[in-house]
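Single-letter residue listing:
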Amino acid sequence: MSASSKFLWGAATSSHQIEGDNTKNDWWAWEQMGKVETGEVSGKSTDHWNRFQEDLDLAAQMGLNAYRFSIEWSRWQPYPDQWDPVAIDWYRQLIDECEKRKLKPMVTLHHFTSPLWFAERGGFLNPDSPTLFLKFVKKVISELGDRISLWCTFNEPMVLAVGQYLGGFMPPGEFKPDCVGKLCHHILKSHVQSYDAIHRETKKRNGPWREEPIEVGIANNMIDFFPDRSWHPIDIGLSKVARNFFNRTWWDALTGRPQSFGLPWLIKKPPQVLEALGRRTCDYLGINYYTKGYLSWGSLTQVQADFPIQVKFAKETEPKSELGWAIHPEGLGRMMRFAQTYQLPVYITENGIADATDKYRGQYLISHLKQVAEAISQGVQVKGYFHWSLIDNFEWIKGYEPRFGLAQVDYSNFQRGLRPSARLFSKIIAMHQGYFDQPQIAILNSFTHEQK
Ligand code: FCB
């Protein structure tokens, strides 16, 4: 592998989950309404805004060579006609500090949060939303674009659409199934315009990654779906629909395979979206993978009383995380092999476990990396693995309890410390670098032993 195509060993975060005091976005307002299950608010979060250098030191200490973070749109543009130079400068420094530590940035432009003024105009339901988003993206390109080669326009657009208008777990939390498709269309258009703008407008390149090709994609949440009752025809049908609708729709749309856009919610295609389809508008496929999902019909749900579909993420007897998500590495393998059918490179943009005592994280890491190694040996072009997360953080509707960090955070004094699994990760990385570079089953097997 050439220096420019080195495997990326990374960790991921998002702005609202770590920075603190993101007072001008829709999530902040949602938290104040008491919508987080624990009643918590993000508040100072991990105080990353003031401690980002320390956090990047942790990443460097582990031997990572990449870091995925998101730019908080509401900080850059707190009001429709106002840019905040202080915020812009903070992100410039963040990139400076990444460069100093040889951490290649993967920059996410939208990770669930939107400025309040944008949300108040209907968010991505508003037909003007792609134009408004593009203005922000162009500003990012003009301020920092010369130093970024790896871009993620949207984090989990399907989760955003479902969370906002079906599941009720993201602001505005309304049950309007027909809005899911509309929202997807506007996000797709926003993505396509951003994809084109990034490629068109990033002319001059600077910084350590200036020779590398520009890569733009999205991070797609993927769940390995199964029927809850393996004999039940409707459960079987539901899991097939979910595999198509949830896992596949976005990739089809971005790679110019419009077939799954035929699903009823997405059938009303505005002409401008049709133009986007039929050509490829991503350079890689980003997989956010955590777990499996069991679907069943008939039981009334926690989600909505008149929506009789139940999703659960593990069976009683299965090993699971503190959020009740099954530990199921084979699912990651399946997703990567599915990705290969699109013949594009893959990044694992998120993968991790809520595990406060760090009992399972080491093994989780090894077993999922083994899947990566196996997929690579089968010909899948996996170019990097970003663990979720670099540090503990504010886990949206679940608040601060779930601990996803390779580094733990003591919220009483903001002290950070690497967990044992982080040290393991660092040993794994060190064993690969300079030898094989990409994950190798033999090396990972030697660590499985060590874990026992
Ligand atoms: C993903 C989100 C990320 C984090 C993890 C646990 O779906 O992208 O922000 O919440 O789940």
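Here the structure is shown first, and the text comes after it.
Residues numbered from 1 in each chain as written. Predicted model: local features only at pLDDT ≥ 70, side-chain atom pairs only at ≥ 80, totals over all residues. Heavy atoms only, no water.

1. A short note on the overall build of the protein
Each helix and strand in the protein was counted, giving 15 helices and eleven strands. Here the protein has a C-alpha radius of gyration of 21 Å; the compact-globule value for 452 residues is 22 Å, and the two agree. Dimensions of the protein, computed from C-alpha atoms along their principal axes, come out at roughly 55 × 50 × 45 Å. In the protein, which comprises 452 residues, the proportion classed as buried is 60%. Taking all contacts inside the protein whose residues are at least 6 apart in sequence as the whole, residues at least 24 apart take part in 75%. For the protein, the accessible surface area stands at approximately 17300 Å², while carbon and sulfur atoms represent 53% of it. (Helix = DSSP H or I, 4+ residues; strand = E, 2+ residues; numbered from the N terminus. Rg over C-alpha atoms; globule rule 2.2 N^0.38 Å. Buried < 20%, exposed > 50% of the residue type's maximum accessible area, 1.4 Å probe, protein only. Contact = heavy atoms within 4.5 Å. Areas by Shrake-Rupley, 256 points an atom, 1.4 Å probe, with all protein chains shown as cover.)

2. Some details on the site of the ligand
Contacts to the ligand come from 13 residues, most closely from Gln17, His111, Asn155, Glu156 and Glu395. In the model, an oxygen atom of the ligand is placed 3.0 Å from a nitrogen or oxygen of the glutamate 350 side chain. Relative to its free-state accessible area of 300 Å², the ligand is covered by the protein chains to the extent of 95%. A breakdown of the residues in the shell around the ligand according to their chemical character gives five nonpolar, five polar and three charged. (Near = heavy atom within 4 Å. Polar contact = N/O pair within 3.5 Å; in protein donor to acceptor, adjacent residues only side chain to side chain. Nonpolar A, V, L, I, M, F, W, Y, C, P; charged D, E, K, R; others polar.)

3. With respect to the pattern of salt bridges
On inspection of all chains with the given rule, the structure shows 33 salt bridges. Where arginine 51 meets aspartate 47, a salt bridge forms, and the shortest distance between an N and an O atom there is 2.9 Å. Through salt bridges that share partners, Asp57, Glu97, Lys100 and Arg101 make up one connected network. (Salt bridge = Lys/Arg side-chain N within 4 Å of Asp/Glu carboxyl O.)

4. So, the packing of aromatic side chains
As enumerated under the stated definition, the model contains 35 aromatic pairs in all. Between the aromatic rings of phenylalanine 52 and tryptophan 90, the centroid separation amounts to 5.1 Å while the plane-to-plane angle is 65°, which identifies the pairing as edge-to-face. Residue phenylalanine 52 is found in helix 3 (residues 48-62), and its partner tryptophan 90 is found in helix 5 (residues 85-100); the two are separated by 38 residues along the sequence. Here phenylalanine 52 and tryptophan 90 have matching classes, each one buried. When the centroid spacing of 6.2 Å and the interplanar angle of 50° are considered together, the rings of tryptophan 76 and tyrosine 91 count as tilted. Note that tryptophan 76 is positioned in helix 4 (residues 73-76) and tyrosine 91 in helix 5, a separation of 15 residues in sequence. Its guanidinium or amino end placed over the ring of tryptophan 49, arginine 75 lies 3.6 Å from that ring's centre, counting from NZ or CZ. (Phe/Tyr/Trp six-rings, centres within 6.5 Å; stacked < 30°, edge-to-face > 60°. Lys NZ or Arg CZ within 6 Å of the ring centre and 35° of its normal.)

5. Concerning the environment of threonine 113
Looking at the secondary structure, you find threonine 113 in the loop between strand 3 (104-110) and helix 6 (116-120). In this structure threonine 113 comes out as buried when scored by relative accessible area, which is 4%. Taking C-alpha positions, threonine 113 is 22 Å from cysteine 282, a pair spaced 169 residues apart along the chain. Residues contacting threonine 113, with those up to four places away along its chain left out, are Ser15, His16, Asn25, Asp26, Trp27, Glu72 and Trp396. Only 3.0 Å separates the side chain of threonine 113 from the side chain of glutamate 72, close enough to count as a polar contact.

6. Some remarks on the pairing of strand 1 (residues 8-12)
Of all the five residues making up strand 1, five are buried; the element is thus mostly covered by neighbouring parts of the structure. Along strand 1, one buried face is formed by Leu8, Gly10 and Ala12 and the opposite face, lined by Trp9 and Ala11, is buried too. Judged from the five bridges that link them, strand 1 and strand 9 (residues 382-388) form a sheet pairing that is parallel. Its bridge partner being in strand 9, alanine 11 is matched across the sheet by histidine 387. (Pairing = 2+ DSSP bridges.)

Geometric values such as these leave the question of function open.
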